[in-house]
Each structure stands twice: as C-alpha cells, then as structure tokens.
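# Results of the structural survey
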Amino acid sequence: MKLLIQHGTIVNENNIFDGTVIVEDSKITKIVEGNTVPNASFDDVIDASGCFVLPGLIDDHVHFREPGLTEKADIDSESSAAAAGGITTYFDMPNTVPQTTTIEALEDKFKIAAQKSHVNYSFFFGATNDNVELFSKLDPHRIPGIKLFMGSSTGNMLVDRREALEKIFSTALMPIMVHCEDTDIINRNMTEAKIKYGDDPKVSHHPEIRSAEACYQSTKLAVELATKYHANLHIAHLTTAKELELLTDGVTAEVTPSHLYFCDRDYTSLGTRIKCNPAIKSQTDRDALRQAVADGRIAVIGTDHAPHLLAQKEGGCAKAASGMPMIQFSLVTMLELVDQGVLTLERLVELMCHNPADLFGVRNRGYLREGYQADIVLVRPNCGWTVTKDVIKSKCGWSPMENHTYLWRVERTICNGHTVYHNGKVDNNYIGQPVEFR
C-alpha cells in the first residue's frame, strides 16, 4: 500500500514548511519539501490542502477503565475517542479492577488491547507498598514505566510508607510517573471544610481541600527521593505555580489541557464536570503553567483522560467522582491556545509528539521521519464547529467542552499508515500496535 499526502503544511522538529509525505505500508518512506509531486503511482492520494500535517500525538496519561470499570469507558470506546482527537498512541494507567500491579494483570491488558484498541497502546505498571520485587520482571521494551500514587486519589493505590517509597525510587530503572498530593493535608482540609460547609462542600471548595500546599509538599518529597537515588522522575498533571520551582535537571513534568484551559472561576458554570485530582486551581496557577509550557519548563502535555458517568459526577467535593473525559478534544483545545498566543504550533508538536517519545524512549514514533511509523494527523484551521453529544466518542457520553465552538478540526488521523479516523467516523475494524520502547 503506497500513500501520498500532498499539498499540506508540515509541522515537525521545530520547522513549518509546505511538503509531501510518502507512506509505504505502515512506514514513512520519504518527506519532500515543496509541492513537487513525485513521479510514481500510489494506491491512495490524500489532498491536505489547507491542513497542517503533524506527527500522531502520544498521550502519556489516560484512564480507559478496562478491565473492571467498563460501565463508564473501555479500550474500544476510548481508543476511538483518541483517534477522533488525533492521538495515535496512549499509555494507560494501572488503577483498574484488578489493578495493574501484577504481571498477570499487565498481560491481560495487553491481550484486551490487541483485540480492541484502534490506536497504538501500552500500559504503566502500578507501584504498591509491597510489589517492588516485581520491577525486575518487567520488560522495559514493552511498557513506559512505573506509576506511583504518592497521594490520595481514586483506585485505592496510595503508597504511603516511607520505606516503600525509598525502595521504589532506589529500585526502578524505568521512568517513575508520580501523582503528587499529600494525603494528610487533604484529609485535614476536608475535615475543616465539612465543619464549615457541611458533609459535602460545594465543588468550588475543591481547590481549597486538594490545595496547592498538598501538591507542593508531595512533589517536594518526590523530587528529594529522585535526587537521592538518581531516579527518572516524571511528575504527572502538575497544577501549581509553586511546584514549578521544584523542577530540576532530571525531573520532568506533565500538565493537562484541562489545567491549562480552566481555572477556579469555571466551577461556577461547569461545576463537577471539571472536578479532577489534582484540582483545577487559581487563574494565577493556570497562567504560570501556561508560561512554563511556552518556555520549556513543562515537558509533556497529557490528558489524564478519566471518564465517569454523569450520575457519578453528582454532588460536591466529598461525593462527586473526580476526573473528566478530555482525550477527543485535547488537541483542538491546545490549538485554541495557540491561536490565543499561549504557545506556538511548533511548541505544541514538541509537547504532544516529540517530547513524550523522547522522554519514554518510544521507538520510531512521535516524529515525521523517514523509516518511522506513519502516525500522522491532519488538522484544519478556520472551520468553526460546536461540540454536541452526537460527536462525543467516549462511552460516558459527555464532555466538559460540550457547546464549546472550536475553530480547529481534526480532519484525519492515520495510524501505522491506515486512516483510522476521517469525516467524523472511526474505523472500528482497525487495531493499533503495541508500542516498543528503546
């Protein structure tokens, strides 16, 4: 199968230029600058006129809920949402049922994805207080790293013993992605909030309970441990200006589109739809994150895509589930921030394609390069459309972006040379590949 993508504007490796991409079978065989059409025959020709041609996105942080929580999401539905959002590779988190904290559970996830995932996939292995001995049995060429919950979150995977933390940081040879929130501080804040506001405080108090201080103290401990043991630390969903002060050489951080787009003012209109852990915080924090994204202190944009049924989002700080579905709309949200001058298009591609590939050692993905897998997304500017329920691919059936009008659209998503999304439709017969790591 030979494919020609022509007349598009290519964004890759800090360059923007008009060019042509040639794909043979599943790989990119040639990238030609300019609009010269090669003198060859092709099985398919895609006219990318008016579109920007980007590498397929790598989302390093998703919760696809399978196995065990499939009433709200599963690998089939959420990989469809990923394809519709221009994401061709994802790394799924371990807080499923059962948790991905044994070799058997990890293998089961790979088997499910091999039957149901419509884009490329891999899975983090979850750390617990007592499973460090399994790290040596993990294949570093198959998984991106270890996920560690160093704070209160969903899934009951909190690692809270100092001895266990020391063993994890001293033993893990792969990247350690850490959810950082101090449980004691959160519990104390919740107790005080319930005294003031009742048993289920309004969601507007969520950033007071899961506070900036709770994030900072936990992140500070993670950085200290990583420095002590020379561990490869990646901080998930960083949310505060103060945490940015902790970033040093050898420590990288992810931020989500949600924390870059929303701030605490948005609880008034969106309520628990934007309730997540760590919490959406102040406009000052959001603006600091935006600056850090632009200037290079933040390494990666990951969604923390975490679907729940709307019925599970009812209530306030104590009762409503934390997490939101965002994978389908992450790229177009970030492109909106490009239009607002928050970051450049070249920087967006670094954050969502190149850097995740480099940070986790993804083999032959994340760039438009000859010999690399043909993971490609075409996006079109200046074509307004509004998010309605009928376009949402996630199984939960809602989005915090409902009724929002975007000016960018994902035109086509190509995974391993195959068009997996086009004209609003996902090819549900296509199955992606397991990711390989260097």
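Above this text is the structure in question.
Notes on the structure follow. (Residues numbered from 1 in each chain as written. Predicted model: local features only at pLDDT ≥ 70, side-chain atom pairs only at ≥ 80, totals over all residues. Heavy atoms only, no water.)

In this section: the environment of Pro381. Looking at the secondary structure, you find Pro381 in the loop between strand 15 (376-380) and strand 16 (385-386). Spatially, the C-alpha atoms of Pro381 and Leu407 are 6.0 Å apart, while their sequence positions differ by 26 residues. Every residue in contact with Pro381, bar those within four places of it in the chain, is listed here: Gly50, Phe52, Leu407 and Trp408. (Helix = DSSP H or I, 4+ residues; strand = E, 2+ residues; numbered from the N terminus. Contact = heavy atoms within 4.5 Å.)

In this section: the pairing of strand 2 (residues 15-24). By the bridge criterion, 9 bridges tie strand 1 (residues 2-12) to strand 2 in an arrangement that is antiparallel. Along strand 2, the bridge assignment pairs Leu3 with Val23. Where strand 1 folds back onto strand 2 in an antiparallel hairpin, the turn is made up of 2 residues, including Glu13, whose phi is positive at roughly 50°. Note that strand 2 and strand 3 (residues 27-33) share 6 bridges and pair antiparallel. By the bridge assignment, Val23 is partnered in strand 3 with Ile28. (Pairing = 2+ DSSP bridges.)

What links the strands of a sheet is backbone hydrogen bonding, and the strands pair in either a parallel or an antiparallel sense. Pairing within the open sheet is parallel, and its 6 strands lie in the order 9-10-11-12-13-14. Each of the sheet's edge strands pairs with one partner strand only, and the pair in question is strand 9 (125-126) and strand 14 (300-301). Looking at chain direction, strand 9 and strand 10 (residues 146-150) are connected through 2 bridges and run parallel. Paired with Phe125 across the bridge in strand 10 is Ile146.

This part is about the sheet that holds strand 8 (residues 120-123). Spatially, 3 strands are ordered 6-7-8 in an open sheet, and the strand pairing comes out parallel. Edge positions in the open sheet fall to strand 6 (57-62) and strand 8, since each of these has one partner strand only. The sheet shows a mean angle of 20° between the axes of neighbouring strands, direction not considered. (Axes fitted to C-alpha atoms, helices over the stretch in contact; angles between N-to-C directions.)

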